[in-house]
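Descriptive structure summary
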Amino acid sequence: FASRGSGRPRHFTPELDRLAHEEATVGAELRTALRDGQFRLVFQPIVELPHGRVVAVETLVRWEHPRLGTVSPAVFIPIAERNGLIVELGAWILREACREMVADPHSPERISVNVSPRQLAHPDLVRTIADTLTEFGLPAERLTIEVTETAVFDGGPAIEALHQLRALGIRIALDDFGTGHSSLTLLRTVPAQVLKVDKSFVDEITVGGQSAVIAGGLIEIANGLGMTAVAEGVETAGQAEVLYQLGYRLAQGYYFGRPAGTMPRTPTAALRP
Ligand code: C2E
Ligand code: CA
Ligand code: CA
Ligand code: CA
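First, a word on what this report is: a plain description of the structure on this page. (Residues numbered from 1 in each chain as written. Chains lettered and ligands numbered in written order. Predicted model: local features only at pLDDT ≥ 70, side-chain atom pairs only at ≥ 80, totals over all residues. Heavy atoms only, no water.)

1. Some remarks on the coordination of the calcium ion (ligand 3)
Each pair of donors in an ideal four-coordinate tetrahedral metal site encloses 109.5 degrees, whereas pairs in an ideal six-coordinate octahedral site enclose 90 or 180 degrees. Definition in use: Coordinating donors are taken to be N, O and S atoms lying within 2.8 Å of the metal, or within 3.2 Å when the metal is Na, K or Ca; because water is excluded from the atom set, some sites may appear incomplete. Secondary structure elements follow DSSP: runs of H or I no shorter than four residues count as helices, runs of E no shorter than two count as strands, and numbering proceeds from the N terminus. Residue burial is assigned from relative accessible area. The probe radius is 1.4 Å, only protein chains are included, and a residue is buried under 20% of its type maximum, exposed over 50%, and partly exposed in between.
At this site the calcium ion (ligand 3) is bound by D175 (OD), D176 (OD), E232 (OE) and E232 (OE), with donor distances of 2.2 to 2.6 Å. Taken in sequence order, the residues that donate to the calcium ion (ligand 3) follow the motif D-D-x55-E. In this structure, the calcium ion (ligand 3) lies 3.9 Å from the calcium ion (ligand 2), and both are coordinated by D175. Taken together, the residues D175 in strand β6 (residues 171-177) and E232 in the loop between β8 (228-231) and α11 (237-246) connect sequence positions 57 residues apart. Under the relative-accessibility criterion, D175 is labelled buried at 9%.

Here is the structure:
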């Protein structure tokens with residue numbers, strides 16, 4: 001490649017050309033998908049330790065592609081982010097999430113919705129969210145917005161939007177916490193009440209060593225700052241046990257429930273002491 005700012009044109013390899021073409025194709029398909037109703041939402045429980053009572057759900061989007069089947073959001077969200085469709089798609093996700101929350105009389109106390117960097121930077125975000133809550137009569141206190149470090153990295157408008165959301169009563173969660181470049185710095189600038197401790201710290205927590213030390217440090221930091229910590233990606237009883245010993249009282253992961261099309265309920269067995 002010619003380096004950026006070298007003044008020479010960039011030399012696209014055939015491979016890069018192909019990828020750019022694919023991205024444009026998928027980007028166009030995403031628009032059609034939104035219009036044709038190919039997206040659906042799934043919900044994953046966030047539970048209280050040690051009993052497993054469901055206190056919240058996280059909303060995750062799926063794309064039912066007519067030819068490819070289910071496409072992972074890890075694939076299409078970044079593309080929607082780059083082509084701007086995420087603003088419209090994100091608004092749809094929020095509406096549907098609120099609709100399902102109020103439609104189900106047994107829905108949990110709170111619902112989390114992921115908001116991507118481009119959505120957070122959009123000047124209409126706060127109004128869109130406020131209007132949606134009003135439309136469905138969902139109290140702001142029942143909504144949590146999950147943002148990643150990338151979304152708030154640039155500071156300024158994004159942080160201001162978070163302050164406005166918080167003023168409305170909406171909770172802010174820092175997602176994938178600990179995986180970015182300036183996580184600890186952000187704790188002083190981002191008005192978040194929830195720390196979602198990334199799965200990478202949970203994965204090896206039972207084998208001792210660094211992960212357990214870091215996960216233990218993060219819960220101390222969260223508690224010290226008056227924040228709530230949620231451990232992500234809990235897959236085994238052993239991990240849940242160690243997390244509980246470290247002081248975690250909220251967790252999420254396949255061990256407690258996979259994302260599913262219906263709102264999760266607390267299994268009766270999980271409530272027994
Ligand atoms: P995320 O926000 O960190 O969501 C958690 C991801 O971890 C989800 O993947 C979930 O299915 C997966 N997960 C949960 N528990 C476990 C576990 O125990 N083991 C393993 N291996 N995985 C677990 P998913 O649904 O594929 O979403 C991937 C990412 O795509 C999300 O990461 C989020 O960044 C993005 N995404 C998903 N839905 C939305 C959405 O509605 N809006 C936006 N902006 N982004 C979304
Ligand atoms: Ca999330
Ligand atoms: Ca996460
Ligand atoms: Ca993630």
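After presenting the structure, the write-up continues.
2. Let's talk about the packing of aromatic side chains
We describe a pair of aromatic rings using the distance from one ring centre to the other and the angle between the two ring planes. Which entries qualify depends on this criterion: Geometry of aromatic contacts follows a simple scheme: Phe, Tyr and Trp rings, the Trp one being its six-membered ring, pair when their centres are within 6.5 Å, and the pair is stacked under 30 degrees between planes, edge-to-face over 60, tilted otherwise.
Enumeration over the complete set of coordinates arrives at 5 aromatic pairs. With centroids separated by 6.5 Å and ring planes inclined at 50°, the aromatic side chains of F39 and W92 adopt a geometry described as tilted. One end of the pair, F39, is in strand β1 (residues 39-48); the other, W92, is in helix α3 (residues 86-103), with 53 residues separating them in the sequence. The class for W92 is partly exposed, based on a relative accessible area of 25%. Summarising the aromatic geometry, the rings of W63 and F76 are spaced 5.7 Å apart at their centres and angled 85° between planes, so their arrangement reads as edge-to-face. Of this pair, W63 sits in strand β2 (residues 53-65) while F76 sits in helix α2 (residues 73-83); the two residues are 13 residues apart in sequence, bridging distant segments of the chain. The exposure class assigned to W63 is buried, which follows from its relative accessible area of 3%.

3. Points about the coordination of the calcium ion (ligand 2)
Within the first shell, the calcium ion (ligand 2) binds the protein through E58 (OE), N114 (OD1), E146 (OE) and D175 (OD), at distances of 2.2 to 2.3 Å. All donors to the calcium ion (ligand 2) come from one chain, and their sequence spacing reads E-x55-N-x31-E-x28-D. For N114, a relative accessible area of 28% gives the class partly exposed.

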